[in-house]
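Given next are the chains, with one letter for each unit.
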Amino acid sequence: MAKYIFVIGGVMSGVGKGTATASIGKILQSKGFRVTAVKIDPYINVDAGTMNPVEHGEVFVTTDGDETDQDIGNYERFLNMDITSVNYMTTGRVYQSVINRERNLEYGGKCVEVVPHVPEEVIRRIKRAAKTVKADFCLIEIGGTVGEYQNVLFLEAARMMRLAAPKDVLFVLVSYLPVPPSIGEMKTKPTQYAVRSLNSAGIQPDFIICRSEEPIDGPRKRKLAVHCSVQEQDIIAAPNVGSIYEVPLIFEKEKIGDHILQKFGLKSKKRDLKDWQKLVRTIKTAHQPVRIAVVGKYFSTGNFILTDAYISVIESLKHAAWFHKRKPELHWLNSEEFENDPKRLIMLDEFDGVLIPGGFGSRGVEGKIKVIQYCREHKIPYFGLCYGMQMAVVEFSRHLCGLKGANTAEINPHTSNPVIHIIPEQAENLAAKKYGGTMRLGSYDCKLVRGTKAQKAYGKNIIKERHRHRYELNNDYRDQLEEKGMIISGVNPQRNLVEIIELKDHPWFVGVQFHPEFQSRPLSPHPLFRDFVGACIRRK
Ligand code: GLN
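Please read these numbers as outputs of a predicted model, since none were measured by experiment. (Residues numbered from 1 in each chain as written. Predicted model: local features only at pLDDT ≥ 70, side-chain atom pairs only at ≥ 80, totals over all residues. Heavy atoms only, no water.)

Peer 1: An account of the overall build of the protein chain is requested, with residue identities and associated values reported.
Peer 2: For the protein chain, the helix and strand inventory stands at 19 helices and 23 strands. Taken over the C-alpha trace, the protein chain has a radius of gyration of 25 Å; the compact-globule value for 540 residues is 24 Å, and the two agree within 12%. The buried share of the protein chain, reckoned over its 540 residues, is 59%. Considering only intrachain contacts with a sequence separation of at least 6, the fraction spanning at least 24 residues in the protein chain is 73%. Carbon and sulfur atoms provide 51% of the accessible area of the protein chain, an area that totals close to 22500 Å². Distance from the positive charge centre (75 side chains) to the negative charge centre (62 side chains) of the protein chain: 5 Å. (Helix = DSSP H or I, 4+ residues; strand = E, 2+ residues; numbered from the N terminus. Rg over C-alpha atoms; globule rule 2.2 N^0.38 Å. Buried < 20%, exposed > 50% of the residue type's maximum accessible area, 1.4 Å probe, protein only. Contact = heavy atoms within 4.5 Å. Areas by Shrake-Rupley, 256 points an atom, 1.4 Å probe, with all protein chains shown as cover. Lys, Arg positive; Asp, Glu negative; His and termini not counted. Charge placed at Lys NZ, Arg CZ, Asp CG, Glu CD.)

As structure tokens, then:
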């Protein structure tokens, strides 16, 4: 029988609920338990695939092809396990199930009501996720902030679960404690209000995680304890830290793991966080930088730069840098800027390597192609992911194969040289306006060619990687590309789709049709990221 821990946000969003959830999971795992984590998103979208990454952040892809919130990526990285689609739900998905069941007469003639039928579906899904991996602990992160209209039904599900099994369910509130500069004191009142709101949903938190610039001190812990009816030892200090990977260690200092076990009447099965401590030591002591430019277009919203759209790419680069005991220094370059002003390309010389991540549509694409040409000609290590690979093929076709106007059919469906063209069943999807969840998604095999950079990196002949695309390299152009020095180093054996390209006569130039960033873990960096960063270090 699994134990359930709900993680709920207070005061405001973006304070690290996902990291807190993943960190609690990591701690329980380090004590010898099987852990899984579920993400609930309160929006109507059935999945995250139909949302703009600038607003919502990265679309994370699971092995079984679900397009989820980026938090699932955090869980995978912290828990070092694959998490599948049963661990992700949205309001849209929950309602869809309830409505389908109603259409199939599965409610036996009853009036199907928002309460209890919707929360019951939520509970069914949570329990199924725990059961799928026989978890001892199932963490459930409820998106949004308490007091929002949107997540009421999920709180209702949490409340119902506690009522049904009081000994098996705990609640953690992750709250924010501001220190207004004009006052110079950490204020607990917003958190007190958040607890009140939670109470009005019938939920009393067992723990409060206090996110703040500095650790919450004794007097304020005591104040929160009294006003919120939470034991003082269960008010957890969670100050800002340099790296999210430090968070489990910070929480452990506050003994959150032991206190959780105590409340459930469980004993630690004794393991430890040694590997993790070693990682954090490396993160803190790696001083020599490796400077990598990430060229994309999903960076800015108004006056702010948000890099959440590329979170897994960023984490993968960090994992690889730490593997080499280097300090990752990442720079965000907007591809559109190179389009308008190609003279700026010389700035790329300052970097040890360049990465172009996935993308869609025409904005900024010609800038990406210019960047790729510069990297190829100036022997700057280059790593292209998905669109970054497709654009490398376009660049190569135009400038080395002399294929005029070569392009991807995504941008110019009438090009005389569609070196990247649509996968046939994807053309059907688009024609039928079936956009949601219909890309080539999830894990597929890739057979590697012996002796290539890719094969050496993986040290295997068959690998599996996750995908999210509609277009692919057009096999009609393979001979021409290979003649001019492009190496096709990985192919999907079932469908003969090109998965990896690389260049001869270049220190490190690799493009992949898949998204390796979804499989990199802090303690086992992805082999391609590892070797890319290795090449970047050598260039220095
Ligand atoms: N837009 C491209 C395609 O659909 C690449 C997708 C991506 O980079 N994820 O094939």
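Don't stop here, the text continues.
Peer 1: An account of the environment of Phe351 is requested, with residue identities and associated values reported.
Peer 2: Tracing the sequence through the fold places Phe351 in the loop between helix H13 (335-340) and strand E14 (353-356). Overall, Phe351 belongs to the buried group, its relative accessible area being 3%. The spatial distance from the C-alpha of Phe351 to the C-alpha of Ile292 is 5.6 Å, given a sequence separation of 59 residues. When near neighbours in sequence (up to four residues on either side) are disregarded, Phe351 contacts Arg291, Ile292, Ala293, His331, Leu333 and Arg539.

Peer 1: Report on the sheet that holds strand E8 (residues 207-212), specifying residues and quantitative values.
Peer 2: Ordered by their spatial adjacency, 7 strands build an open sheet running E5-E2-E6-E1-E7-E8-E9, and the pairing between neighbours is parallel. The strands lining the two open edges of the sheet, one partner per strand, are strand E5 (88-90) and strand E9 (235-239). Sheet twist, expressed as the average angle between the axes of neighbouring strands with direction ignored, equals 20 degrees. In this structure, E8 lies alongside E9, joined through 5 bridges in parallel fashion. If you follow Ile209 over to E9, its bridge partner there is Ile236. (Pairing = 2+ DSSP bridges. Axes fitted to C-alpha atoms, helices over the stretch in contact; angles between N-to-C directions.)

Peer 1: Account for the sheet that holds strand E20 (residues 471-473), with residues named and values stated.
Peer 2: Pairing in this open sheet of 3 strands is mixed, and the strands run E16-E17-E20 from one edge to the other. Edge positions in the open sheet fall to strand E16 (407-408) and E20, since each of these has one partner strand only. Bridge count for E16 against strand E17 (residues 418-422) is 2 bridges, and the pairing is parallel. By the bridge assignment for E17, Asn407 is matched with Pro418. Docked against the sheet, helix H15 (residues 387-399) engages E16, E17 and E20, running at close to 145 degrees with respect to E17. In the packing of helix H16 (residues 424-431) onto the sheet, the strands contacted are E17 and E20, and the crossing angle to E17 comes to about 60 degrees.

Peer 1: Give me the packing of aromatic side chains: which residues, what numbers.
Peer 2: Taken as a whole and judged by the stated rule, the model has 13 aromatic pairs. Ring geometry for Phe383 against Trp508: centres 5.3 Å apart, planes inclined by 90 degrees, an arrangement best described as edge-to-face. Taken together, the residues span a long stretch of sequence, with Phe383 in strand E15 (residues 382-385) and Trp508 in the loop between strand E22 (497-503) and strand E23 (509-512) at a distance of 125 residues. By relative accessible area, which is 4% here, Trp508 ends up buried. The interplanar angle of 70 degrees and the centroid separation of 5.0 Å between the aromatic rings of Phe383 and Phe529 together place this pair among those described as edge-to-face. (Phe/Tyr/Trp six-rings, centres within 6.5 Å; stacked < 30°, edge-to-face > 60°.)

Peer 1: Can you lay out the nonpolar core for me, pointing to particular residues and giving the numbers?
Peer 2: For soluble globular proteins, nonpolar side chains are generally found buried alongside one another. Core analysis: the largest hydrophobic core is formed by 50 residues, its most contacted members being Ile5, Ile24, Phe137, Ile209, Phe251, Ile256 and Ile260. When residues in this core are grouped by element, the largest group, 5 residues, is from helix H1 (residues 17-30). Beyond its immediate stretch of four places on either side in the chain, Ile260 contacts Ile5, Ile24, Leu28, Phe137, Leu170 and Phe207. Ile40, Val94, Phe171 and Ile208 belong to the second-largest nonpolar core, a separate cluster that totals 43 residues. (Core = buried A, V, L, I, M, F, W, Y, C linked by side-chain atoms within 4.5 Å.)

Peer 1: A description of the site of the ligand should follow, citing residues and the corresponding values.
Peer 2: Taken together, the neighbourhood of the ligand is formed by Gly358, Gly359, Phe360, Cys386, Tyr387, Gln390, Glu410, Arg468, His469, Arg470, Tyr471 and His515. With respect to the ligand, the side chain of His515 contributes an N or O atom lying 3.1 Å from a nitrogen atom. Burial of the ligand by the protein chains amounts to 99% of its free accessible area of 300 Å². Taken atom by atom, the bulk of the ligand overlaps the second largest pocket. Every element with two or more residues in the shell around the ligand is listed here: H15 and strand E19 (462-469). Split by residue class, the shell around the ligand holds 4 nonpolar, 5 polar and 3 charged. (Near = heavy atom within 4 Å. Polar contact = N/O pair within 3.5 Å; in protein donor to acceptor, adjacent residues only side chain to side chain. 1 Å grid on protein atoms, 1.4 Å probe; cavity = no way out; pocket = protein on both sides within 12 Å on 5 of 7 lines; lining within 4 Å. Sits in = over half its atoms within 2 Å of the grid points. Nonpolar A, V, L, I, M, F, W, Y, C, P; charged D, E, K, R; others polar.)

Peer 1: Hey, could you go over the pattern of salt bridges for me, with residue numbers and the actual values?
Peer 2: Per the counting criterion, the structure on display carries 38 salt bridges. Taking the shortest distance from any N to any O, the salt bridge between Arg344 and Glu337 comes out at 3.2 Å. We classify Arg344 as partly exposed; its relative accessible area is 31%. Residue classification places Glu337 among the partly exposed positions, given a relative accessible area of 35%. Put simply, Arg101, Glu106, Glu121, Arg124 and Arg125 are held in one network by salt bridges that share partners. (Salt bridge = Lys/Arg side-chain N within 4 Å of Asp/Glu carboxyl O.)

Peer 1: Tell me what's going on with the pairing of strand E7 (residues 169-176), and back it up with residues and numbers.
Peer 2: Counting buried residues in E7 gives 8 out of 8 residues, a clear majority hidden from the surface. In the classification by handedness, the crossover that spans E7, the intervening helix H7 (residues 189-200) and the parallel E8 is right-handed. (Right-handed = clockwise from strand over helix to strand, strands pointing away.)

Peer 1: How would you summarise the pairing of strand E21 (residues 486-492) if you had to cite specific residues and measurements?
Peer 2: By the criterion of burial, E21 is predominantly enclosed, with 6 of the 7 residues buried. As defined by bridge partners, strand E18 (residues 440-448) adjoins E21 across 2 bridges and the pair is classed as antiparallel. Counted as the bridge partner of Lys447 is Val491 from E21.

Peer 1: Mind laying out the layout of surface pockets, listing which residues take part and the relevant values?
Peer 2: As a volume, the largest pocket reaches approximately 1300 Å³. Listing elements by their share of the lining of the largest pocket, those giving two or more residues are H1, strand E2 (35-41), helix H2 (53-56), helix H3 (70-79), strand E6 (137-145), E9, helix H9 (247-253) and helix H12 (311-323). The greatest single-element share of the lining of the largest pocket, amounting to 5 residues, is contributed by H12. In terms of residue class, the lining of the largest pocket is built from 20 nonpolar, 17 polar and 13 charged. The wall of the second largest pocket is formed by 32 residues, among which Val59, Tyr298, Phe360, Met439 and Arg468 lie closest to the centre. (Points joined across faces, edges and corners; volume = space filled by probe spheres on them.)

Structural measurements only, silent on function.
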